[in-house]
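# Structure at a glance
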Amino acid sequence: ATQMLLHVRAAPLGVRYLLLLIDDRTEEERLNSVRRDFIANVSHELKTPVGAISLLADAVEAAGDDLERVRSFTRRLQHESHRLGAMTKEIIDLTRIQAEDPLARPETVEIGAIVDAAIDANRVAADAKSIRLSGRVVDDVEVLGDPHMLTMALNNLVTNAVSYSQEHTHVGVGARVEGDLIEIAVTDKGIGIDPADQQRVFERFYRVDQARSRQTGGTGLGLSIVKHVVKSHGGTVSLWSRPGHGSTFTMRLPYVKPQA
Ligand code: ADP
């Protein structure tokens, strides 16, 4: 806190000085503490796959000629190193986008194009689970911002929708104008999210079910990336979900009004 000595001219009772304590643990301090937390979280989260990889490598060596065991440990090694890779990528993505203001030198981004890109990027994963993945762009408007960030955000929502859905279900991506905003919604018929977890899923590293998320290769960073991207484009993201029935994540962004 900063101390400030004020000379009070018209103070009664001879009180001529007023000591003001000003709380200036302002934005700077708060950001520093967010950064410290983030680094602590990152270190903690990276320890898990790194530890597993090291143990599994020892296990492969100890398995000697037992081919069955060697194969099984190797598969888990691949899984853990894949997860470590995904986590590293998301940490880098998050760090990079946090340092950028997409509205400083914005580009025009077509909503139809980012919907197509997110669907294409998830086609293989959806096919592998026989999930029907479809897009319906009612209003193909443009928004101002960073095309890579916006694609990354929508991509994360579609990836989640596919990961947290059972086989033979449907994942839909829809875009339509509602008043001043373009709404981009990703709907799945998957496992859903408990009301108690619905606020928390946007926090960094938060996973509803650690074990399951680990299996699906999740890092708990996807939705915090979505939230950050949407916010930095002047928009919001919201969630509707019913456990056992499915979820809808909706991004709402200001769009470029066509000239009259
Ligand atoms: P993760 O990498 O674990 O998927 P996210 O930040 O993307 O991390 O999501 C946080 C948590 O929210 C997930 O671990 C999962 O429990 C839950 N979640 C996210 N999207 C969905 C969805 N479409 N259906 C059900 N649960 C979801």
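Read on for an overview of the structure. Computed from a prediction, not measured in an experiment: that's the story for all the values here.

Moving on, we come to the overall build of the protein. Helix and strand content of the protein: seven helices and nine strands. Burial analysis of the protein (260 residues in total) assigns 35% to the buried set. In the protein, the proportion of contacts linking residues at least 24 apart, taken out of those at least 6 apart, comes to 67%. Accessible surface, the protein: about 15500 Å² in total, of which carbon and sulfur atoms supply 53%.

Moving on to the pattern of salt bridges. In the structure shown here, the tally under the stated rule is seven salt bridges. Salt-bridge contacts for Asp-93 lead to Lys-89; the nearest nitrogen and oxygen are separated by 2.8 Å. In this pair, Asp-93 and Lys-89 both sit in helix α2 (residues 67-98), four residues apart, roughly one turn of the helix. On the basis of relative accessibility, which here comes to 52%, the residue Lys-89 falls in the exposed class. One salt bridge connects Arg-252 with Glu-183, and the closest N-O pair in it is separated by 2.9 Å. Here Arg-252, found in strand β9 (residues 246-254), pairs with Glu-183, found in strand β7 (residues 181-188); they are 69 residues apart in sequence, far enough to count as distant.

Our focus in this paragraph is the site of the ligand. If you check the shell around the ligand, you find 20 residues, and the closest are Asn-160, Tyr-164, Asp-188, Thr-219 and Leu-223. Here an oxygen atom of the ligand sits 2.8 Å away from a polar atom, N or O, in the side chain of Tyr-164. Val-208 places a main-chain nitrogen or oxygen 3.2 Å from an oxygen atom of the ligand. When the ligand is considered free in solution it has 530 Å² of accessible area, and contact with the protein chains removes 96% of it. Breaking the shell around the ligand down by element, the ones donating at least two residues are α4 (147-163), α7 (222-232) and β9. Residue composition of the shell around the ligand, grouped by class: ten nonpolar, eight polar and two charged.

Each regular strand carries side chains that alternate between the two faces of the sheet. Of all nine residues that make up β9, seven are buried, and the element is covered over most of its length. Summarising the sheet, β7 and β9 pair through eight bridges and their orientation is antiparallel. Note on β9: the bridge partner recorded for Val-186 is Phe-249. The pairing of strand β8 (residues 236-242) with β9 spans seven bridges and is classified as antiparallel. Within β9, the position partnered with Arg-242 by the bridge is Gly-246. Remark: three residues form the turn of the hairpin made by β8 and β9, two consecutive strands paired antiparallel; Gly-244 in that turn has positive phi of roughly 85°.

Scoring rules and cut-offs
Residues numbered from 1 in each chain as written. Predicted model: local features only at pLDDT ≥ 70, side-chain atom pairs only at ≥ 80, totals over all residues. Heavy atoms only, no water. Helix = DSSP H or I, 4+ residues; strand = E, 2+ residues; numbered from the N terminus. Buried < 20%, exposed > 50% of the residue type's maximum accessible area, 1.4 Å probe, protein only. Contact = heavy atoms within 4.5 Å. Areas by Shrake-Rupley, 256 points an atom, 1.4 Å probe, with all protein chains shown as cover. Salt bridge = Lys/Arg side-chain N within 4 Å of Asp/Glu carboxyl O. Near = heavy atom within 4 Å. Polar contact = N/O pair within 3.5 Å; in protein donor to acceptor, adjacent residues only side chain to side chain. Nonpolar A, V, L, I, M, F, W, Y, C, P; charged D, E, K, R; others polar. Pairing = 2+ DSSP bridges.

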